[in-house]
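Here is what each chain is made of, one letter per residue.
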Amino acid sequence: MGALPIIDHPDASREFVTNKARSHWHDEALWFVRSKRDKQAHSVPEWEYLREQASEVKTHTIANLDRYLVEFEKNATAMGATVHWASDAADHNRIVHQILKDHGTLRIVKSKSMLTEECGLNHYLEDNGIEVVDTDLGERIVQLRHETPSHIVLPAIHIKKEEVGETFHTHLGTDKGASDPQYLTEAARGHLRGKFLSGEIGITGVNFGIADTGGIVVCTNEGNADLGVSLPRVHIACMGIEKLLPRHQDLAIFTRLLARSATGQPITSYTSHFHGPRDANSELHIVLVDNGRSKLRESETFRHALHCIRCGACMNTCPVYRRSGGHSYRTTVPGPIGSVLSPARDSKAHKSLPYACSLCGSCTDVCPVKIPLHHQLLAWRKELVGQDRMPKSKTVPMKAASYLFQHPKLFALAGKAGRTALRWLPHFATHNRLNKWTIARELPLPPKESFRDWYRKNRG
Amino acid sequence: MSVALFVPCYVDQFYPDVAIATLELLERLGVDVVFPQGQTCCGQPMANTGCTEDARPVAKRNVAMFADYDAVVCPSGSCTSMVRNHYDQFFDSGDTAFQHVKSRTFELCEYLYDVLEVRKLDVRFPHRVSLHQSCHGLRELRLGPSSEVMTPRVDKMRSLLDMVADLEWSLPTRVDECCGFGGTFAVDEAELSASMGRDRIADHLSTGSEVIVSADMSCLMHMQGLIRREKNPTQVMHIAQVLVGRPIKELAKTE
């Protein structure tokens, strides 16, 4: 995908945030998921131990990624899978397209994969005359609406059921005004069943690749991945190179953490393991994609972001994400982890994202693989200022403040002047559009004397 | 033992009574505490904006200011965390003055609970109180258990407030959600910040509290700004003011 235009998060989020009813509804919906996660996490006495284990396994794997990737390729190939290597998104799309061309395929069914989203696969294939059907319900809804997913686990969380009803009425011919989830789901089910039957190749993402077996694991709640790859003869699995785990026995740690963190379920409804093609007439292609991951691995500070298992817990807990919606990030992966990953890809286009954060630290504590997310967002701010990416309107006041704080007498004087002005100036002079603090808030009532003045008089 | 009071810059200028209450509280508990006059700010606004080089000289000044004291007490979790968790980038690890200040700077509640081991207080506050945990106090200093992490922890703020006679709890449903202040975030993302604040206040008020109490005045300054704008009748108070026995009604006068 080409570079996105630079869009500041405050601008991109304004419409969503200022629509109070919608913003609240979105906040409540995600908080509900976060609360379910808390209950599930509480039910596992060794929760913190699991997080620690997961983090250690990931640190080890990322440090030895080259070795494990080679081992994975060897074992996957031994079981009859074909392993492809893609250095970037374009490479990935070309490889997938070539496999489709080799089979003369014009129709594919695809289960959820944020990696193909990241690579812009749908558009690429559609531009090449191939019909792409997303089979995850949420993904299908956003696909019909010509939107992108707003969340990596709950792609249509920003859409109300009444709006789904309208979309389905237009595209699937459901009754006008219908909003009953059961009715709409049944309609989607019937519609997708036809697509499954006519799909010639099934594409899935990969949740985990296992180096010592060469197997891959796909987790879904709808069973759509299984259906999508069981009916056609060819399965293409697209996998980011960071999805690897060294041993089959490491998997248990992650399957215990993944669904609990993501949706507050004890486990995903379907955790499917694929070890090579299912029979002699079938094919399994695994496309291993780098697309910036090796570059991220080289960074001492941000390497931990490769631990991410894409559970979305950081989004559900993020008070900024909950109120501004996933689309406000203008990235494939939104929320705290997206705000770490996206500037690594293009620090100019995504420079506002590390600032779309109050540094509350909830994401860091909720992360099942212990990515120090809010520390990384803070590190990005430092990096962006160092790269001279931030506007003067942001950095010049900080220089002035720094000067003031290095001169205590001047600081005391400026404080006094400020407080006096606040006391005497009319309200409109201090509370206007130029002072962004006061768009929604009053300034503090200025006291006559500062603490330092009081101290000098009373304890000096 | 010499103890220095470390007063956040905005508290010094806008909330002097929070610092006075902290000083009086410590004096009442027999601590010999002084306020070094040359102090200004910990450097957090610059550091959190990413302006590390502008924060550096301020951090250096701050450490030099407090290096000679046995302990430094600060009525703010955020500023304490700045020194303890974010100053390392400005100093050599072998810098003894820095290591001393880093290990001897305490947030007020942890100083009272962990160092002075206060277990009873002779004070009364006959009001319904809603506790606002600041994110930095909670998730960077671990002043209490946070809802995300399953590790059991003592809630130092609640334990201290439980020593206050006649205080009644009315806690928010989201026990430790961010208020949306976030330093320069409050201005950078003003709409979002205000929306988070309004939700937070609504949660605090939904249980019938008369006053929102926190150990970080910055969260309270932001919420107070929204409360005043919307002419909400509730109050905010810093925990030091409650623990020293300030009456709720006189709050407006002493601000």
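Residues numbered from 1 in each chain as written. Chains lettered and ligands numbered in written order. Predicted model: local features only at pLDDT ≥ 70, side-chain atom pairs only at ≥ 80, totals over all residues. Heavy atoms only, no water.

The name recorded for chain B in an unreviewed UniProt entry is Lactate utilization protein A, from Rubripirellula lacrimiformis.

Chain A is annotated in an unreviewed UniProt entry as Lactate utilization protein B from Rubripirellula lacrimiformis.

A count of helical and extended segments in chain A gives 22 helices and 10 strands. Along the first, second and third principal axes, the C-alpha set of chain A runs to 90 × 55 × 45 Å. Taken across its 460 residues, chain A has 57% of its residues classed as buried. Pairs at least 24 apart in sequence give 73% of the contacts found in chain A among residues at least 6 apart. Element-wise, carbon and sulfur atoms account for 55% of the exposed surface of chain A, whose accessible area totals about 19500 Å². (Helix = DSSP H or I, 4+ residues; strand = E, 2+ residues; numbered from the N terminus. Buried < 20%, exposed > 50% of the residue type's maximum accessible area, 1.4 Å probe, protein only. Contact = heavy atoms within 4.5 Å. Areas by Shrake-Rupley, 256 points an atom, 1.4 Å probe, with all protein chains shown as cover.)

The helix and strand inventory of chain B stands at 14 helices and eight strands. The C-alpha atoms of chain B give 18 Å as radius of gyration, which agrees with the globular expectation for 255 residues (18 Å, within 12%). Across its three principal directions, the C-alpha atoms of chain B cover 50 × 45 × 40 Å. A total of 255 residues make up chain B; the buried ones form 65% of that total. Contacts in chain B between residues at least 24 apart in sequence constitute 75% of all its contacts with a sequence separation of at least 6. Counting only carbon and sulfur atoms, one obtains 51% of the accessible surface of chain B, whose full area is about 8300 Å². (Rg over C-alpha atoms; globule rule 2.2 N^0.38 Å.)

All names here are of chain B. Summing up the model confidence of chain B, the mean pLDDT is 95 and the portion of residues at 70 or higher is 98%. For residues 250-255, every residue scores under 50 in pLDDT, and the model assigns this stretch 10 contacts once sequence neighbours within four places are set aside. Reported confidence for the predicted complex is 0.96 by ipTM and 0.96 by pTM. (pLDDT = per-residue confidence, 0-100.)

Under the criterion given, the structure shown has 50 salt bridges over all chains. Between A:Lys370 and A:Glu52 there is a salt bridge, with its nearest N and O atoms 2.7 Å apart. Here A:Glu52 lies in helix α3 (residues 47-63) and A:Lys370 lies in the loop between α17 (362-366) and α18 (373-386), a separation of 318 residues in the sequence. Given the relative accessible area of 29%, A:Lys370 is considered partly exposed. One salt bridge connects B:Asp54 with A:Lys399, and the closest N-O pair in it is separated by 3.4 Å. With B:Asp54 in helix α4 (residues 52-66) and A:Lys399 in helix α19 (residues 392-405), the pair connects residues from two separate chains. Given a relative accessible area of 52%, A:Lys399 falls into the exposed group. By sharing partners, the salt bridges in this structure join A:Asp27, A:Glu28, A:Arg322, A:Arg323, B:Arg174, B:Glu177 and B:Asp199 into a single network. (Salt bridge = Lys/Arg side-chain N within 4 Å of Asp/Glu carboxyl O.)

We now examine the domain arrangement of chain A. Under the domain assignment used here, chain A contains domain 1 (1-37 + 314-390), domain 2 (44-291) and domain 3 (392-459). Here the C-alpha centre of domain 3 of chain A lies 30 Å away from the C-alpha centre of domain 1 of chain A. (Domains from an automatic or database assignment.)

Right, let's talk about the state of the cysteines for a bit. All names here are of chain A. Applying the stated criterion across every chain yields a total of zero disulfides over all chains. Here Cys-119 stays free of any disulfide, with the sulfur of Cys-238 as its closest cysteine sulfur at 7.7 Å. A relative accessible area of 2% places Cys-119 in the buried class. The closest cysteine sulfur to the non-disulfide-bonded Cys-363 is located on Cys-357, 6.2 Å from its own sulfur. With relative accessibility at 6%, the residue Cys-363 sits in the buried group. (Disulfide = S-S within 2.5 Å.)

Another point: the interface of chain B and chain A. Contact residues are listed per partner, giving 73 residues for chain B and 77 residues for chain A. Note on chain B versus chain A: buried area summed over both sides is about 6600 Å², and carbon and sulfur give 58% of it. Linking chain B to chain A there are 13 salt bridges. Taking the shortest distance from any N to any O, the salt bridge between A:Arg452 and B:Asp12 comes out at 2.7 Å. (Buried area = accessible area lost by both parts, 1.4 Å probe.)

Moving on, we come to the pairing of strand β2 (residues 107-110) of chain A. All names here are of chain A. Bridge count between β2 and strand β3 (residues 131-134): four bridges; the pairing is parallel. Note on β3: the bridge partner recorded for Arg-107 is Glu-131. Pairing of β2 with strand β4 (residues 201-204) involves three bridges; the strand directions are parallel. Residue pairing for β4: Val-109 is matched across the bridge by Gly-202. (Pairing = 2+ DSSP bridges.)

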